[in-house]
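Structure at a glance
Each chain, written out:
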Amino acid sequence: MRSHEIVLAVLALMLATVLIAGCTGNNADTTPAMTPAPVPAAVDLHKKGFDAYINGDYANALDLYTQSVTADPKYTRAWMDKGNVLVKLNRTSEAIASYDAALALENNLANVWNSRGEALMTLGRYAEARDSFDKALQLAPEYALAKANRDIATAKLK
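Structural notes on the overall build of the chain
- When helices and strands are counted, the chain shows 8 helices and 0 strands.
- The order of helices and strands in the chain, counted from the N terminus, is α-α-α-α-α-α-α-α.
- Every one of the 158 residues in the chain was classed for burial, and the buried ones make up 31%.
- Within the chain, counting contacts between residues at least 6 apart in sequence, those at least 24 apart form 45% of the total.
- If you sum the accessible surface of the chain, you get close to 9,800 Å²; carbon and sulfur atoms cover 59% of it.

Right under this line is the structure:
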């Protein structure tokens, strides 16, 4: 067999393997869970919101993040950043609700658990804050800020 015939045979074998694998279907138990890609309009609004946030235009950032989560209610990052800007605007209870929305979508985000805990401490809800920091540390045991925040919340409880 000539080299180009070998290459063609290998390619045909690869194509057959792909086609056979594709025809067997996907077993839902073995397919890894994946967060769906956010709606492009939501991503664009989020980027604009982030730019406004970086420039200190918190009211505009909040408006854009709100539009982003309206365009795609499953866009975790937009919920998280909406919480962050609400903290900057001293709207802490609303920030906690945004963090909770993000965590309802993906509860394995240590930074969101930490931010939630910080917001709870602002309201003097130290036991709940400590629980949030504990969750952050379960997910990321070396998260220094969450450790420090947990220590503060624990001290406030004494």
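Observations regarding the packing of aromatic side chains
- Evaluation of the coordinates by the stated rule reveals 1 aromatic pair.
- Seen in terms of ring centroids, Tyr-53 and Tyr-58 are 5.4 Å apart; in terms of plane orientation they differ by 55 degrees. Their pairing is tilted.
- The class for Tyr-58 is partly exposed, based on a relative accessible area of 25%.

Here is what the cut-offs are and how they apply
Residues numbered from 1 in each chain as written. Predicted model: local features only at pLDDT ≥ 70, side-chain atom pairs only at ≥ 80, totals over all residues. Heavy atoms only, no water. Helix = DSSP H or I, 4+ residues; strand = E, 2+ residues; numbered from the N terminus. Buried < 20%, exposed > 50% of the residue type's maximum accessible area, 1.4 Å probe, protein only. Contact = heavy atoms within 4.5 Å. Areas by Shrake-Rupley, 256 points an atom, 1.4 Å probe, with all protein chains shown as cover. Phe/Tyr/Trp six-rings, centres within 6.5 Å; stacked < 30°, edge-to-face > 60°.

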